[in-house]
Every structure is written in C-alpha cells, then in structure tokens.
Amino acid sequence: MSWILPEGISTFAADIDLIYYWILVITGIVFVVVEGGLLWFVIKYRARPGRKAYYIQGNTKAEIIWSAIPAVTVVFIGLWSAIIWDDIKGRDSVPEGSLAYDVRAEQFEWHFTHAGVDGTLGTADDFQLRNQLHVPVNQPVVLNATAEDVIHAFFVPALRVKQDIVPGLGAVIWFEATSTGEYEIACAELCGMGHYRMRAMLTIHTQEEYSQWLASQSPVATAE
Amino acid sequence: MATSAVPLEHSGHAEAHELSFIRKYIFSTDHKIIGIQFLLFSLVFLLVGGILATMMRWQLGFPNEPMPGGGLFPETMAPGGILLPEFYNSLVTMHGTLMVFFAIMPLLVGVFGNYLIPLKIGAPDMAFPRLNMASFWIAVPAGLLMVAGFFVEGGHAGAGWTAYAPLSADPEWTGVHAGQQLWLLSLAIIGLSSILGATNYITTVVNLRAPGMTWFRLPLSIWALFITSILVLLAIPILSGAAIMLYFDQTIGTHFFDATDGGQPLLWQHLFWYFGHPEVYILILPAMGFVSDIIANGSRKPVFGYDTMVWAIVSIGFLGWVVWGHHMFQSGMNPTLGTVFMISTFFIAVPSAIKVFNWMGTMWRGNIRFHVPMLHAVAFVAMFVIGGLSGVFMASNTFDIYIHDTYFIVAHIHYVLFGGSLFAIFGAITFWYPKMFGKMMSPLLGKIHFWLTFVFFNLAFFPMHSLGIGGHMRRIYDPTQYEFLQPLQPINKFISISVFILVASQIFFAIAFIMGWFNGEKAGENPWEDNGLEWSTPSPPPHGNWEKTPHVYRGPYEFSSPLVEEDYLPQFKKLDGDSEPAAAGGNGRG
C-alpha cells in the first residue's frame, strides 16, 4: 500500500504530481477530522438508560460554515487544475519545434512512424516500428495519433500521459521527457480481447544516442 | 392538493378481498407484494453479480491458474478451468451491468419506491396499481434476456457496462453479436419498467398524500425517491434511445457510432453519460434518504437541518445533469469543455458535504441505539466520505490524466456504490423487514453479517486506491503482462482473497433473511419506535394499508421532543393541542 506516485519523467509530471499531493493532504485532513468525529460521536453518544437526546432541529450558522469551507477548497483546486490542464492539453499547448511522429493504434498493437534523419515526417527516410517508440530526451515530442478500428488510449504512466484515440477523431499528444531509459506504453481503454497485451516500449535516448540510433535504422525497417 | 386518482380497487374497504393465490402473490397489484417481488428479483441478481466478481478476482489474483470449479465451464469460456480473455471481458461487462441495472437500481427504487411511498405518505396503494404490476412483469423478461446472453454463440457482451462504441457497435471487433444485442434489448426493456415505475411514484407522491402530509413533512426517504423518480423519468429514455441506435448499428447496418462510415463514436459517450451521471445519483439519492430516516431513528434525534437536506437532494439532482463530461476528460473532446465540466463537478462537493455534516449533526448529542440498520447507516456515512473524497482526485481534470481508467476509479465507484448504496440497502432491508414480513431478523446474524462485510469490504477496496496510484489500468485480464505492474501483484492477490471472504460473508445475510421469514420473532406494529406513518398499521399491513386514512400532525423526525414522555412522537399521534389537518390534504378518502 503506497500513496507515493511512481517516478515522473516529463516536464509536466511535477505539476500534476503536486496537485495530487495537495489534494492528498487536504482530503487526508478532512478524512481524519470527519471519520474521527464520527467515531467520537458513536462512542460518546451511545445510548444510556434514563437519558434523552438533545432536541434540536438544526443550526443555520453551522450549516453555512460547513457549506462554505468545501466550496472555497474545491474552487482553489479547480482553478489550479484548470491552469495546468491548459498547459498540458489546451488547444495551443503543443510547443513549437516539437519532433513529430505518427501513431497508428489498432487491435492490439501500436505502430510508430519515426521521421528519419531529416527530422521531417512524410519524406522517404521515414520508417515505422511496431510496438516501439524512440524519442530523444529534453526535446518536445508530438504524436499525431489515429485509431484504425476501436478506441484505444495512449498511456505512459511514467510520463503522466494519457489520451484516448477515437477512430475518425484522432488525437494530438505531446510530452517532453526529462530522463533517459525504457518505459512501458499501455492501452488504457478496453479495446477487445487482447486489450491486456496491447503493450509497447518507449525508449528515451540522449540527443547523441538518438542521432546514432536514427542513422542505424535504414528505411528498409519499414517492413515491420 | 388534488383529490382524484383513488385506485379503483381500493375504494371502500381495507380488509383483504378474497383473491386467488395468483392474483395475490404473482400478478398482484398490491404495492407491498410488488416491492417484495422486486426484492427477491434483485437479491438474486446481487448474488449473481457477486459471483461474477469472484471469478474476475480469481483471474486477477491468480492469473492463468485454473479456477476452482472452472472445469464446469465450457471450452468457450474457460478451457481447463482457465478463464479466456474474451470471457473475462464478458465478466467485467456483466458484473457492472447486473449490479447497476438489475441489483442496486431495483433494490433502491423498485423495492423501496414501491414499498415505502404509499406507506409513508398515507396512501392505500400506488396511483396506478396495474402500471405498477406491469413494471415488475416487464423487468422479469429483461432479466431473462440479460442472463440468456451467457448462452449464445459468440459469448456475452464484452465491451464494458459503458459499451463504448465502436467496440460495441460492430461484431467485427469483438466476435460478439447476439450477446451484445441481447444486452441492448434487455436494457431497453428494463428501462421501460423504470419509466413506468417513476411515472407512478411521481403521481403518487403528488396526489395521494394523507391529510396533513405537506411537502415539508415528507420523510427524506420520500423526498429522495421523488427526486430520483424525476431523474429516472428524464434520464432513462436517453439510454433507451441510445441503446436502440446502437442496436441498429449492430443489426441493420446504420452507422450512428461508426467513424468509418461517417458516424461519431464520441456521440455514444455523450449520450451514455448524459444518462449515466444522473444514473449515478439515481443510485445514491434514495440511499441517502433511507440513511437519513435510519440515523434519526437510531440517534433518537430530529434530522439536523431538514430543510437544508431537502434542498441538498434537489441540488444534487439538478447538478447531476451538468457534469457528465467529467467521465470524458481524456476522451478527446474539446479541452475547454473539460475545464467547464470540472468546475460543475466540484460544485457537487457542496451539497454532498452538507449531507455528511448534517448526518453527523443528527448524531451529535444523540442517544444512539446501535440496532443492525443503524450500524449499516453509520457505515454508509463513513464509506460515503471516503468515496466523496476520492472523487475530488478524479474531479481534477489534470490529475485525472494519470488516474483515469485505473483502479483508482474502481475503488471510487465501489466506495460509492457498495460502501454507499449497498450498505444503505442492507440498512433499509433490515429496518423495514419487520414491516414487510411481520417478523424480526436475527440481530446476532445481522451483526455478524455487518462486521464481516464492513471489514472485508474495506480490505478489498481500500488497497485499490494504491493500485490506481501505481498506474494499474482497469479492465485488464492479466496484469502480469506489464513489468511496472508486477510489484503490485501481491496487492492484487490480497484484494482477491478479501473479495472471496466478502462474498462468502453474505451467507449470513441470506440465512438471517430466510430464517426470519420462517421463524423470526413476531414484530409488533412499531418495533423500532419510529415516527413514520408505516408504523401505524399492522406488520405486515393489510391490502389497502389502513382501515381509515391516517392523519398527519407533524414532521417525520420528532424524536426526543419535550412535548412527550417517550423519546419519539409519531407523525400520526394526535396531541391535545393539535388541530385536525384540512380534509383535502391528500388522497380524498378522508
């Protein structure tokens, strides 16, 4: 049992995680106060013979206070979330100069089209990999995703990225990784019999390694 | 108050007419019998839904090991006792579907809407008793069709209880054809049953209240059922319409939800959740109503802030219509809309908090009797708090990016629907059982059942929060496929074992229920010393409920009133200073 989020490795992971820890602290306090209060009432006011309960219909002042406190708290969490949300998922949030990839999701695999050495999609040196995505670190990346058949969701827990990809609608997903290594990509939307094994690997290289790796991938690799 | 709509069959005398067994117990128009029919119907589905859950949990806790008893299943479900992934998807789908549509919803609305509304407002029966009988007998074939799906070629529906298109729209993607179609037909049919029921409840509450039963003397259970009925009446037709459209996509080649031919998959989600979020409140508001009644009774105190509680029910019912998009934050809809739905969702925290604090206010300085219904009601409050607080995490669209479609939402929904609704249902059944059957349930068995359920419910569902925080996706057949999930596998195993014990513990409820029926202690008119009108008639009440329409002199929660010696003062008890209510206060029989 852990309340600690796994390591986050994208530029916005820390922002998302901070919202989580704030909500955890706020709800944690409410939890202790309310459940503690409930337990205390249950013990203190248990029935005893010859005693009658206190006859009271309510108290408007108390009710206003306990409506106002949650109202203020949730407005605070809501406004804060709205700002971060716009940075991550807003219509204009994709950073300029992002390295572009095409992603095609189908039952039950991912196809990632990498721009070749020229760094541009739609040219002859593009190549496609099945269930493998390679990106450079510290470089914004944008995935233009489409779904062939049913809805899939692109989920990389370590990046704090999740986005449904709806057939006919597609999705634009961006992130900037902040550390190198191999991380798992999962499908997070029930997509049929093989949903549980619709898994891919994300490899994050240093800039130099990425250039070398690109050079080593000849366009022949397109044939999956 | 309107004075019409007296049920024809009940004008005149309250004593039992000579009815044949079939008219009395099978095709009955008596709201009490229909309520009990719904009770038995939905308890069976509750059991089936629970068994499906244990099968899912077997696979998750012990992936790819043969399930004990799995050999009984055909090759198309579990060859060698090992569940197939497509069968697992059917289990996921049917556990959700049966629990929502065939267990929790009929338990709350079908059972107690029927049983309590006439008895608590002082009416001889529902406004439309035959419509009422029809609503039960329409639900039965819906249930049979839903069960039949397990036995057709291609297997049962496997696209989740939310049936997201296009997965659900085209057999090409799942291999499921007849199963999904039966699923859709069954939902459309049980929807009709709900609509008939809701029409009846609304009419009855508006027209058949006894003299003196003003709106603000209605018990909160009735307020909750009344607002719920309005939600049912407006929400269910949307589901029915969407289900029929999807059925056409499946069968006659329309493309409402199929993008390859110009349809829009997101339209299904909008329609489903436009129904689905009011549905969530359909599943919790009646529970809140029952718990309010039981907590006041157990605490021997008036409900703290009755008027505020009524307005909280009304505002939750209203807000329920403007939050559906929070199910779709990561769906690809316009991100600005995501922010709008986040803000509307957060507003629900306010009436929810009011309800929790007012329940606590009710218990404060009370003289609390811990009868079995009260244990369940207090557990409801404690569990609803956890479900409400976990909702805050999900309501933030930004943090939802990470926890959407993980076990965090599975934990949340179970804290609300099991910790919330189902504890309230156990509370309500044990509270009104003596009235229904004229016998008491064993308090000892009731307490054993309560404590086992309370402990193993928490052991089963609380750790799911941490699975979600670890990124564990929901609805996956085999978590060991992912490296990052392997450290979480011991938690999965722990949860599974807790679920097995939780489901097994329900045997104590079954025994108490059946034993009470046969040799329970005889219940008097008012065994809980309560104030409601239903306690002024024999247990069980006769056909027509009262010899003479009761008159109402006060609100429903006058516990520990200084006006009387005892610590309760029923709505129907006339004190010296009380004047007779205006004759036209209710059902016109006065």
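Please read these numbers as outputs of a predicted model, since none were measured by experiment. (Residues numbered from 1 in each chain as written. Chains lettered and ligands numbered in written order. Predicted model: local features only at pLDDT ≥ 70, side-chain atom pairs only at ≥ 80, totals over all residues.)

## As for the overall build of chain B
Okay, so step 1: Secondary structure summary: chain B contains 16 helices and zero strands in total.
Okay, so step 2: C-alpha atoms of chain B, sized along the principal axes, occupy 75 × 50 × 50 Å.
Okay, so step 3: Looking at chain B residue by residue over its 590 residues, the buried ones come to 63%.
Okay, so step 4: When contacts within chain B are restricted to residue pairs at least 6 apart in sequence, those whose partners lie at least 24 apart make up 82%. (Helix = DSSP H or I, 4+ residues; strand = E, 2+ residues; numbered from the N terminus. Buried ≥ 20, exposed ≤ 12 C-beta atoms within 10 Å, placed from the backbone. Contact = placed C-beta atoms within 7 Å.)

## Things to note about the overall build of chain A
Okay, so step 1: Counting its secondary structure elements, chain A contains three helices and 10 strands.
Okay, so step 2: The order of helices and strands in chain A, counted from the N terminus, is α-α-β-β-β-β-β-β-β-β-β-β-α.
Okay, so step 3: Relative to the 2.2 N^0.38 estimate, which gives 17 Å for 224 residues, the radius of gyration of chain A is 25 Å and therefore markedly larger than a compact globule would have.
Okay, so step 4: In terms of its C-alpha atoms, chain A occupies a principal-axis envelope of roughly 90 × 40 × 35 Å.
Okay, so step 5: Burial statistics for chain A: of 224 residues in total, 35% are counted as buried.
Okay, so step 6: Across chain A, every contact between residues at least 6 apart in sequence was considered, and the portion connecting residues at least 24 apart equals 64%. (Rg over C-alpha atoms; globule rule 2.2 N^0.38 Å.)

## Here's the deal with the environment of B:Thr336
Residue and element names in this part refer to chain B.
Okay, so step 1: On the secondary structure map, Thr 336 appears in helix H10 (residues 335-347).
Okay, so step 2: Residue Thr 336 is classed as partly exposed on the basis of its C-beta count, with 14 C-beta atoms lying within 10 Å.
Okay, so step 3: In the structure, Thr 336 is positioned 307 residues away from Thr 29 in sequence and 51 Å away in space, judged by C-alpha atoms.

## A short note on the sheet that holds strand S8 (residues 171-175) of chain A
Note on sheets: strands pair through backbone hydrogen bonds, and any given pair is parallel or antiparallel.
All names here are of chain A.
Okay, so step 1: Strand order in this open sheet of five strands is S3-S2-S1-S5-S8, and the pairing throughout is mixed. Across the chains shown, the open sheet's two edge strands, defined by having one partner strand only, are strand S3 (127-130) and S8. Between one strand axis and the next, the sheet turns by 25° as a mean value, whatever way the strands run.
Okay, so step 2: In this structure, strand S1 (residues 99-106) lies alongside strand S5 (residues 141-147), joined through seven bridges in parallel fashion. Directly across from Leu 99, in S5, lies its bridge partner Val 141. (Pairing = 2+ DSSP bridges. Axes fitted to C-alpha atoms, helices over the stretch in contact; angles between N-to-C directions.)

## A few points about the sheet that holds strand S6 (residues 152-156) of chain A
All names here are of chain A.
Okay, so step 1: With mixed pairing, five strands are arranged side by side in an open sheet as S4-S10-S9-S6-S7. Each of the sheet's edge strands pairs with one partner strand only, and the pair in question is strand S4 (132-136) and strand S7 (161-165). Geometrically, the sheet is characterised by an average inter-axis angle of 20° between neighbouring strands, direction not taken into account.
Okay, so step 2: Here six bridges tie strand S9 (residues 181-187) to strand S10 (residues 199-205), and the two strands are oriented antiparallel to one another. Considered in S10, the bridge of Glu 182 is made with Thr 203.

## Examining the confidence of the model for chain B
Residues and elements named next belong to chain B.
Okay, so step 1: Averaged over every residue, the pLDDT of chain B is 94; residues scoring 70 or more account for 96%.
Okay, so step 2: Contacts from residues 584-590, a stretch scored under 50 in pLDDT, to residues over four places away or in other chains number 28 contacts.
Okay, so step 3: Across the interfaces of the predicted complex, the ipTM metric reaches 0.95, alongside a pTM of 0.95. (pLDDT = per-residue confidence, 0-100.)

## With respect to the packing of helix H1 (residues 13-44) of chain A against helix H12 (residues 372-395) of chain B
Okay, so step 1: H12(B) packs onto H1(A) with a crossing angle of 175° between their chain directions and a minimal axis gap of 10 Å. It follows from the interaxial angle that H1(A) and H12(B) lie roughly antiparallel. On H12(B), the residues that touch A:Ile23, A:Thr27, A:Val30, A:Phe31, A:Val34, A:Glu35, A:Leu38 and A:Val42 of H1(A) are B:Val378, B:Val381, B:Ala382, B:Val385, B:Leu389, B:Val392 and B:Phe393.
Okay, so step 2: Of the residues in the contact of H1(A) with H12(B), the class split is 13 nonpolar, one polar and one charged. (Parallel < 35°, antiparallel > 145°, perpendicular 65-115°, else oblique. Nonpolar A, V, L, I, M, F, W, Y, C, P; charged D, E, K, R; others polar.)

## Some details on the nonpolar core
Across soluble globular proteins, you tend to see nonpolar side chains buried next to one another.
Okay, so step 1: The biggest cluster of nonpolar side chains holds 261 residues, and the ones touching the most others in it are A:Phe155, B:Ile104, B:Leu246, B:Val291 and B:Phe380.
Okay, so step 2: If one sorts the elements of this core by residue count, helix H3 (residues 85-121) of chain B sits on top with 23 residues.
Okay, so step 3: Both domain 1 (13-89) and domain 2 (99-222) of chain A contribute no fewer than three residues apiece to this core.
Okay, so step 4: Excluding anything up to four places from it in sequence, B:Ile104 contacts B:Met99, B:Leu283, B:Leu417, B:Ser421 and B:Leu422. (Core = buried A, V, L, I, M, F, W, Y, C linked by C-beta atoms within 7 Å. Domains from an automatic or database assignment.)

## A look at the packing of H3(B) against helix H5 (residues 178-207) of chain B
All names here are of chain B.
Okay, so step 1: Closest axis-to-axis distance for the H3/H5 pair is 11 Å, and the angle between their directions is 20°. If you check the angle between H3 and H5, you find them roughly parallel. Seen from above, H3 lies across H5 with left-handed handedness. Each of Thr 97, Phe 101, Val 109, Gly 110, Gly 113, Ile 117, Pro 118 and Ile 121 in H3 lies in contact with H5, whose residues at this interface are Trp 183, Leu 187, Ile 190, Gly 197, Tyr 201, Thr 204 and Val 205.
Okay, so step 2: Tallied by class, residues from the contact of H3 with H5 come to 10 nonpolar, five polar and no charged. (Left-handed = near helix turned anticlockwise from the far one by under 90°.)

## Re the environment of B:Thr430
Residues and elements named next belong to chain B.
Okay, so step 1: For Thr 430, the position within the fold is in helix H14 (residues 407-437).
Okay, so step 2: Residues Thr 430 and Gly 470 lie 40 residues apart in sequence; the distance between their C-alpha atoms is 39 Å.
Okay, so step 3: Discounting residues that sit within four places of it in the chain, Thr 430 has contacts with Val 372, Pro 373, His 376, Met 441 and Gly 446.

## Concerning the environment of B:Val44
Okay, so step 1: On the secondary structure map, B:Val44 appears in helix H2 (residues 31-61).
Okay, so step 2: Considering only alpha carbons, one finds B:Val44 and B:Asp293, 249 residues apart in sequence, at a separation of 26 Å.

## Observations regarding the interface of chain B and chain A
Okay, so step 1: Contact with chain B, which involves 81 residues of that partner, is made by 74 residues of chain A.
Okay, so step 2: With nine residues, helix H11 (residues 349-363) of chain B is the single largest residue contributor to the side of chain B that touches chain A.
Okay, so step 3: A per-class count over the side of chain B that touches chain A returns 46 nonpolar, 25 polar and 10 charged.

## As for helix H16 (residues 489-519) of chain B
Okay, so step 1: Spanning 31 residues, H16(B) covers 46 Å between terminal C-alpha atoms, matching the ideal 45 Å at 1.5 Å per step.
Okay, so step 2: Those residues of H16(B) that sit buried are B:Ile491, B:Asn492, B:Ile495, B:Ser498, B:Val499, B:Leu502, B:Phe508, B:Phe509, B:Ala512, B:Phe513 and B:Gly516. (Expected span 1.5 Å × (residues − 1).)

## Focus on unusual backbone geometry
Okay, so step 1: The omega torsion of the bond from B:Ala165 to B:Pro166 falls at 5°, within 30 degrees of zero and hence cis.
Okay, so step 2: Mapped onto the fold, B:Pro166 is located in the loop between helix H4 (129-148) and H5.
Okay, so step 3: Cis geometry marks the peptide bond from B:Ser539 to B:Pro540, where omega comes out at -10°.
Okay, so step 4: On the secondary structure map, B:Pro540 appears in the segment after H16.
Okay, so step 5: Residues other than glycine seldom take positive phi values, yet A:Asn131 does so here, at roughly 55°.
Okay, so step 6: Considering the arrangement of structural elements, one finds A:Asn131 in the loop between S3 and S4.
Okay, so step 7: By the C-beta count within 10 Å, which is 15 here, A:Asn131 ends up partly exposed.
Okay, so step 8: In this model, A:Arg160 sits at a positive phi of 60°, which is unusual for a non-glycine residue.
Okay, so step 9: Looking at the secondary structure, you find A:Arg160 in the loop between S6 and S7.

## A look at H5(B)
Okay, so step 1: Taking 1.5 Å as the rise per residue, H5(B) with 30 residues should run 44 Å; its terminal C-alpha atoms sit 44 Å apart, in good agreement.
Okay, so step 2: Taken across its 30 residues, H5(B) has 22 buried, putting it largely inside the fold.

## Regarding the pairing of S6(A)
Residues and elements named next belong to chain A.
Okay, so step 1: A large share of S6 lies buried, amounting to five of its five residues.
Okay, so step 2: Taking every second residue as pointing to the same face, both faces of S6 are buried, with His 152, Phe 154 and Val 156 on one and Ala 153 and Phe 155 on the other.
Okay, so step 3: Note that S6 and S7 share five bridges and pair antiparallel. Within S7, the position partnered with Ala 153 by the bridge is Asp 164.
Okay, so step 4: Relative to S9, S6 is paired through two bridges, and the arrangement is antiparallel. Bridge pairing in S9 places Phe 155 opposite Ala 186.

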